[in-house]
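Here is what each chain is made of, one letter per residue.
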Number of protein chains: 2
Amino acid sequence: VVVEPQRYEYGPELIPATADSGEGMWRWRGLLPVDGSGMYPLKVGGTPLVASRRLRQQLGAPGLVLKDETRTPTGSNKDRATALCLVDAASRGATAIACASSGNVACSLAAGAAAMGLAAYIFVSARTVSPAKVDFMRSFGATVFLVDGPYERAYRLCDDACERFDWYNRNTATNPLALQAKKTVAFEVWEQLGRKMPDVVYLPVGDGVTLAAYVHGCEELIRCGVADRLPRVVGVQASGAAPLVRTFEAGCAAWEAETTRTIADGIDVGDPYFGRQALDAVARTGGSWVAVTDDDLRTAMATLARTSGLLAEPAGAAALAGVIAHREQITAPDQTVVALVSGTGLKDQRWLPREGGRSVDIAASLEGVERALWGT
Amino acid sequence: VVVEPQRYEYGPELIPATADSGEGMWRWRGLLPVDGSGMYPLKVGGTPLVASRRLRQQLGAPGLVLKDETRTPTGSNKDRATALCLVDAASRGATAIACASSGNVACSLAAGAAAMGLAAYIFVSARTVSPAKVDFMRSFGATVFLVDGPYERAYRLCDDACERFDWYNRNTATNPLALQAKKTVAFEVWEQLGRKMPDVVYLPVGDGVTLAAYVHGCEELIRCGVADRLPRVVGVQASGAAPLVRTFEAGCAAWEAETTRTIADGIDVGDPYFGRQALDAVARTGGSWVAVTDDDLRTAMATLARTSGLLAEPAGAAALAGVIAHREQITAPDQTVVALVSGTGLKDQRWLPREGGRSVDIAASLEGVERALWGT
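Thresholds applied
- Residues numbered from 1 in each chain as written.
- Chains lettered and ligands numbered in written order.
- Predicted model: local features only at pLDDT ≥ 70, side-chain atom pairs only at ≥ 80, totals over all residues.
- Heavy atoms only, no water.
- Core = buried A, V, L, I, M, F, W, Y, C linked by side-chain atoms within 4.5 Å.
- Buried < 20%, exposed > 50% of the residue type's maximum accessible area, 1.4 Å probe, protein only.
- Contact = heavy atoms within 4.5 Å.
- Least-squares fit on C-alpha atoms with pLDDT ≥ 70 in both.
- Pairing = 2+ DSSP bridges.
- Helix = DSSP H or I, 4+ residues; strand = E, 2+ residues; numbered from the N terminus.
- Axes fitted to C-alpha atoms, helices over the stretch in contact; angles between N-to-C directions.
- Right-handed = clockwise from strand over helix to strand, strands pointing away.

**With respect to the nonpolar core**
Working step 1: Counting 288 residues, the largest nonpolar core has Phe 123 and Trp 167 of chain A together with Phe 123 and Trp 167 of chain B as its most contacted members.
Working step 2: Excluding residues within four positions of it along the chain, Phe 123 of chain B makes contact with Val 369 of chain A together with Ala 98, Cys 99, Ala 100, Ser 101, Phe 145, Val 147, Ala 154, Leu 157, Cys 158, Ala 161 and Trp 167 of chain B.

Okay, structure coming up:
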């Protein structure tokens with residue numbers, strides 16, 4: 001399957017004029033290559049922009065907002081690309097669809113393919129995939145190949161298998177529809193801010209498609225004549241999988257593929273397929289890059305849960321970890337700072353910040369409660 | 001804390017005239033005792049009504065729709081009651097809030113209390129609570145009392161502790177706001193069906209508040225003059241915790257408290273606190289009751305995941321299990337049948353229908369894929 005890059009006759013008339021009454025992502029049909037409304041059974045897009053008073057206070061960041069992509073069908077921003085690709089696949093008569101994934105793309109594809117009635121073939125790295133996520137993929141009826149090798153090897157094998165077996169290829173950096181779908185996050189943030197661009201946007205980076213798509217979406221808003229500047233975009237990687245951060249810091253043109261090590265399986269990519277585009281996109285915005293350690297990720301997850309009631313996986317909290325790393329720079333009250341919360345913490349329970357609370361066995365009596373509270 | 005039952009001056013002007021542009025549950029402020037818009041940081045309500053083509057085909061139920069309450073802040077319909085109670089608690093100056101819970105109420109309260117800045121004290125049965133759910137409660141910073149006794153004992157102890165320690169009481173059958181919040185599900189379904197009442201509604205029943213609230217909501221729509229009949233409501237219990245089903249079938253006025261045994265921890269209640277109200281509510285609609293086995297629940301979870309891309313926990317799939325039990329009765333094309341999917345399967349991974357799919361270790365080669373596919 002070859003999908004041509006999409007061009008549009010840009011203008012303000014492509015922007016939806018009315019509020020979201022349940023259509024979600026498909027409201028942006030003027031800027032999408034396929035309109036899936038009425039075809040795709042799960043609601044995708046229209047996720048909340050959360051202004052957490054307590055998080056703002058704790059970080060001293062009065063203009064911070066969270067784009068909460070945990071509120072999607074399977075709890076990650078990957079559901080947007082899955083929806084667009086599946087509608088395209090179905091309209092082309094495909095009966096099987098495949099992807100490589102660090103985990104969330106695959107959970108998303110397994111669910112969406114089940115809802116659309118396509119077979120799903122999934123390629124993951126046996127070394128880094130979360131076992132819980134494999135169980136979710138299987139629950140939706142997918143066939144999961146646990147490939148002996150890193151994510152990049154699973155990715156290439158998936159591309160080859162799609163060629164060989166004529167499966168529709170949803171691979172995030174191979175299928176241009178992934179970029180087209182994920183740019184709707186930028187549209188929604190702009191709209192939710194009262195049709196204004198934010199000043200700074202923090203985004204997690206694995207393959208780089210989420211970031212490149214965000215910047216592409218902002219550029220399309222400018223081309224449509226409804227915005228006049230880009231936000232500064234900050235790419236956030238886990239320090240154990242940070243080839244693009246190192247490239248940026250060294251001022252180099254290219255990166256070396258890395259052997260990775262991080263708890264953030266969602267961005268555990270040592271040789272990003274969209275790395276070039278992500279580096280270029282950040283540069284066009286005058287933005288920067290930052291690496292965050294696994295401890296930073298744990299702190300961000302705990303902070304998010306304890307101040308905002310949102311549970312993110314490590315990769316899902318990476319953007320906030322980047323914000324925390326830069327907290328000295330985002331204290332201006334008139335500065336709007338967005339952090340993308342890209343994936344829910346419900347799926348993989350290994351990394352829950354459970355030490356933030358307390359559970360205690362008690363006898364069924366008020367005395368039991370008092371003893372637990374005050375040790376008396 | 002004593003909350004008076006709420007009365008309204010019923011009329012069509014209490015129904016919101018415009019579409020949901022992100023307000024969710026608070027759109028129904030005309031029929032709510034407290035308006036939390038602008039106060040409650042998480043988006044609650046406005047969940048999708050899903051018409052799954054593949055599920056309809058598989059069950060031969062052309063008018064079946066799913067109200068997907070997994071799409072809430074913490075993945076269950078409990079988030080509605082939590083939101084209303086927390087806004088009320090904060091407006092009364094409370095600094096601590098407590099609940100007893102079979103699991104989902106507590107996850108919901110832990111998250112909401114963190115977002116609002118209140119301390120959360122949670123009472124669960126050490127015998128039946130899902131360990132994963134306790135980890136989620138702790139992740140949000142809650143104090144969890146694992147009470148030596150069944151849910152009902154934890155519930156009574158929570159009521160006593162709220163009295164003793166002056167904690168705001170969110171208990172689902174004690175605080176009338178729970179009913180007020182949960183009725184908004186009925187409002188949304190009516191609106192999403194084009195301002196029409198469904199014909200039959202299947203609802204899971206533990207304590208009975210979800211069901212009683214649904215019927216109460218329908219009755220308020222009639223009082224407002226925008227609907228002229230009730231749907232028939234079917235209460236679904238797990239056969240290992242089915243006191244109300246047995247009461248209905250025996251034609252008795254009251255039930256005996258039961259010792260329970262079911263995988264559906266969300267409705268694992270042997271002596272329902274809102275049982276009387278739930279029985280009366282079903283009777284007013286001319287509805288009925290049905291019990292489903294743990295095997296029925298597993299089948300419903302697998303069917304939901306494989307046909308619709310939705311993952312429910314056992315209690316969350318109970319209503320659909322009831323639909324499946326009654327499938328002979330819901331084949332009319334003009335009959336609109338609603339099943340509430342009340343809780344996500346993401347939290348508790350013990351019951352995932354993982355046997356529906358397949359995962360296989362392969363070498364990183366096309367030959368590895370072929371061997372896995374065809375054994376060659």
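**A closer look at the relation of the copies chain A and chain B**
Working step 1: When chain A is brought onto chain B, the operation consists of a screw motion whose angular component is 180 degrees and whose axial shift is 0.0 Å, with 0.0 Å RMSD remaining. These values place the two chain copies in the arrangement generated by a two-fold rotation axis. Among all C-alpha atoms of chain A, that of Leu 346 of chain A lies closest to the rotation axis, at 2.9 Å.
Working step 2: A shared binding surface is used by both copies, with 100% of the interface residues of chain A retained as interface residues in chain B.

**Some thoughts on the sheet that holds strand β1 (residues 49–50) of chain A**
Residue and element names in this part refer to chain A.
Working step 1: Strand order in the open sheet formed by 6 strands is β1-β2-β10-β7-β8-β9, with mixed pairing between adjacent strands. Among the strands making up the open sheet, the edge pair consists of β1 and β9 (288–292).
Working step 2: In this sheet, strand β2 (residues 64–68) lies alongside β1 in antiparallel orientation, the contact comprising 2 bridges. Bridge pairing links Leu 49 to Lys 67 in β2.
Working step 3: Here helix α9 (residues 243–250) sits on the sheet and contacts β8 (232–238) and β9; the angle it forms with β9, its principal contact strand, is near 130 degrees.

**Thoughts on the pairing of strand β9 (residues 288–292) of chain B**
Residues and elements named next belong to chain B.
Working step 1: Buried residues dominate β9, accounting for 4 of its 5 residues.
Working step 2: Bridge count for strand β8 (residues 232–238) against β9 is 5 bridges, and the pairing is parallel. Within β9, the position partnered with Val 236 by the bridge is Val 290.

**Regarding helix α4 (residues 131–139) of chain B**
Working step 1: Burial analysis of α4 of chain B places 7 of its 9 residues in the buried class, the great majority of the element.
Working step 2: The set of residues buried in α4 of chain B consists of Ala 132, Lys 133, Val 134, Asp 135, Phe 136, Met 137 and Ser 139 of chain B.
Working step 3: For α4 of chain B, the secondary structure elements touched by its buried residues are α11 (294–308) and β11 (358–362) of chain A together with α3 (104–116), β4 (119–125) and β5 (143–147) of chain B.
Working step 4: Two residues or fewer after α4 of chain B comes Gly 141 of chain B, characterised by a positive phi angle close to 95 degrees.

**Looking at the pairing of strand β7 (residues 200–204) of chain B**
All names here are of chain B.
Working step 1: Counting buried positions along β7 yields 5 of 5 residues, so the element is predominantly enclosed.
Working step 2: A two-sided burial pattern is seen for β7, the buried positions comprising Val 200, Tyr 202 and Pro 204 on one face and Val 201 and Leu 203 on the other.
Working step 3: Pairing of β7 with β8 involves 5 bridges; the strand directions are parallel. Of the residues in β8, the one forming a bridge with Tyr 202 is Val 234.
Working step 4: In this fold, β7 hands off to helix α8 (residues 209–223), which returns the chain to β8; that crossover is right-handed.
Working step 5: Pairing of β7 with strand β10 (residues 337–341) involves 3 bridges; the strand directions are parallel. Bridge pairing in β10 links Val 201 to Val 338.

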